[in-house]
Amino acid sequence: MSGRQHRETEIARQVRARGLAAGRGLALIADEIHIACGPKFGTTKIKAHRLSNGIALADVIEQVRALFERDGKSVPGIGETLLSAYESGLKKPGPEYLHYLCSVYRVEPAALGYEGPCICGHGHGMPGTVRGCDFEEGIPDTSPNVRELWIQPDGGSPSADGGEEDENVLRRTLLKLLAGTGGVTLNDQVLGAVENIRRHMDETMASASVSPAMLDQWEQTTTGFGRQYMNTPPLRLLCDVLLEYSTVRKAMERRQPVDVQERLCRMTAQLSGLCGMIMIDLGDHRMARSFFRTGRTAADETGDRALRAWVTAREALVPLYYGDPREALTLAKKSRDMAGQTPCAARTMAPVVEARALAMMAGSTGAKKDVVDQAKRALTRARSAFAQMSSNDQEDPAFGYTERQLYFYQGDVLVKLGQTLEADLILEQALGKYSGEDLLDQTLIRFDRAQCRLIEGEVEEALDMGRSAIEAIERDYRTELVMRPAYDLLKAVQAKYGESPALASYRECLLPAQLDMSEVATIAEQDRQQT
């Protein structure tokens, strides 16, 4: 992907994330993307709809092929090259492909940038009306089908009266047949009633359980979110995680077997914890606490001590960053007690949080000797516990704990204790263990090293390192958690050394111009009203 395409995609992701967070529909978000990206990158309306759905070219191709298969047609020849040509404006889709693209995006041809009505003769914008079409004869296919009945508003069903009307349709048909009435056929109404009754049975059976394959898929997705945590802009990841969170919630609303319920509770605890971590990054400590509280409730349902300890250890980061380090210390000890002797991530994470909280308390009270020894003993326990973790947990930065994280936080503790020579050496080793991943940690490590330089009196070098840390990450990653040490460095230099050209230059790099997404949304809404 070229730099220009990457920037286009990044802006589209920002628009999509903010639109979803504001509760706007995908069609409106597509208009916003078209307005934000069209003038800069030539983004067409059809491409804006794909970007608003957050899917790749390959996903659109598979959906089109699935619709062809559903309608009993041979596999189409459409591929990524042809779809890319449509999106770039080099080619225009024919009537049949245009119909299926409208079906995928649930919009009319005009929304995709093409004139005239769709060949199928009916609308695509309403939920539950994505239908096939007999293109050879040009006659709309009005019969119900799997896709039409599956796409329903939340809480909807094929028949709002519980299936009674469908049964009446069949009763009336049966009475006509018994009476010998002529002209009774398997028409659209009867077919609809038949399909609705069958679907009610499917829903009844599905309400008792979730398939093992679906559970496996959800668990894999949850694990994948954990691996994306350090490398995906927080707001974008939050939207993806919460969509999966909602899916799991809907499954939990129905009665499930005990083993299925336990797996769903485990995923709920992990997803809640991940949401809490993201909210810490975004600076909303109140919402972070709420998510961790939900995570604790779900973890308690599983009876898994390691999972409960993990949620508690992650929750301890809220007061560590935004509250009282003494509360963080209490929660960390509670997590350590929950984990017991079970080899798990919390056995490593909890003593690290203890050491960080102790270091913060030592810095504020000045009573260092005793606290330094306690903090170092906690780090020793963390290293010992890390050696007993499974290899999978040692590679997972969110649900597990990595060696590079262990080095990073050991250095962070030493910085707070004022032991700069040892801290800088360990932080340098920590950076060497990263290879382009975990942008969040790398940025925080660079700020810790800048603090080392400041403590040693090397002010300009400290500011240079801080500026380099900020400039190395894109705007989407400049969250509250990242910017906090950046501003702490600014305040520390200003308080001790006053104003200087170097400080003014550093201050400027903390104030980048930001894309005004509210303005984009307003323009998009006005454009829709005019059209």
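Residues numbered from 1 in each chain as written. Predicted model: local features only at pLDDT ≥ 70, side-chain atom pairs only at ≥ 80, totals over all residues. Heavy atoms only, no water.

A. Spatial organisation of the overall build of the chain. For the chain, the helix and strand inventory stands at 26 helices and two strands. By the burial criterion, 47% of the 531 residues in the chain qualify as buried. Contacts in the chain between residues at least 24 apart in sequence constitute 61% of all its contacts with a sequence separation of at least 6. (Helix = DSSP H or I, 4+ residues; strand = E, 2+ residues; numbered from the N terminus. Buried < 20%, exposed > 50% of the residue type's maximum accessible area, 1.4 Å probe, protein only. Contact = heavy atoms within 4.5 Å.)

B. Highlighting the pattern of salt bridges. Evaluation of the coordinates by the stated rule reveals 25 salt bridges. Across the pair R24 and E32 runs a salt bridge whose closest N-O atoms are separated by 2.6 Å. With relative accessibility at 1%, the residue E32 sits in the buried group. Across the pair R326 and D324 runs a salt bridge whose closest N-O atoms are separated by 3.0 Å. Taking the relative accessible area as the measure of exposure, D324 reaches 27% and is therefore partly exposed. (Salt bridge = Lys/Arg side-chain N within 4 Å of Asp/Glu carboxyl O.)

C. Just unusual backbone geometry, in detail. For R106, which is not glycine, the phi torsion reads 60° and is therefore positive. With respect to the secondary-structure elements, R106 resides in the loop between helix 6 (95–105) and strand 1 (133–134). Residue R106 is classed as partly exposed on the basis of its relative accessible area of 29%.

D. The packing of aromatic side chains, seen in detail. A complete count under the given rule lists seven aromatic pairs for this structure. Ring centres of F68 and Y100 lie 4.4 Å apart, and the angle between their planes is 35°; on these two criteria the pair is classed as tilted. Highlighted residues: F68 in helix 4 (residues 57–70) and Y100 in helix 6, separated in sequence by 32 residues. Of the two residues, F68 and Y100, neither departs from the other in class, the shared state being buried. An aromatic cluster of at least three residues, connected via ring pairs, comprises F68, Y97 and Y100. One cation-aromatic arrangement involves K433 over Y407; the distance from NZ or CZ to the ring centre is 4.8 Å. (Phe/Tyr/Trp six-rings, centres within 6.5 Å; stacked < 30°, edge-to-face > 60°. Lys NZ or Arg CZ within 6 Å of the ring centre and 35° of its normal.)

E. Empty space enclosed by the protein, seen in detail. Taken as a whole and judged by the stated rule, the model has two cavities of 30 Å³ or more. In this structure, the largest cavity spans a volume of roughly 190 Å³. Residue assignment for the lining of the largest cavity shows that the elements contributing at least two residues are helix 12 (258–282), helix 15 (317–322), helix 17 (345–365), helix 20 (403–416) and helix 22 (439–455). When residues of the lining of the largest cavity are assigned to their parent elements, the largest contribution, four residues, is made by helix 17. Each residue belonging to the lining of the largest cavity can be placed in one class, and the counts come to 14 nonpolar, one polar and four charged. The calculated volume of the second largest cavity comes to roughly 80 Å³. Around the second largest cavity, the lining residues are Y229, M230, T232, P234, D281, L439, L440, T443, I473, Y477, T479 and V482. Looking at which element gives the most residues to the lining of the second largest cavity, the answer is helix 22, with three residues. Tallied by class, residues from the lining of the second largest cavity come to eight nonpolar, three polar and one charged. (1 Å grid on protein atoms, 1.4 Å probe; cavity = no way out; pocket = protein on both sides within 12 Å on 5 of 7 lines; lining within 4 Å. Points joined across faces, edges and corners; volume = space filled by probe spheres on them. Nonpolar A, V, L, I, M, F, W, Y, C, P; charged D, E, K, R; others polar.)

F. Inspection of helix 21 (residues 420–432) at higher detail. Between its first and last C-alpha, helix 21 extends 18 Å over 13 residues, near the 18 Å set by a 1.5 Å rise per residue. Within the sequence span of helix 21, burial applies to T420, A423, D424, I426, L427, A430 and L431. Against the buried residues of helix 21 lie helix 20 and helix 22. (Expected span 1.5 Å × (residues − 1).)

G. Here's a closer look at the environment of M389. Inspection of the secondary structure assignment puts M389 in the loop between helix 18 (368–388) and helix 19 (391–394). Under the relative-accessibility criterion, M389 is labelled buried at 6%. In sequence terms M389 and Y401 are twelve residues apart; their C-alpha atoms lie 8.7 Å from each other. The residues contacting M389, other than those within four sequence positions of it, are C344, A345, T348, Q394, G400 and Y401.

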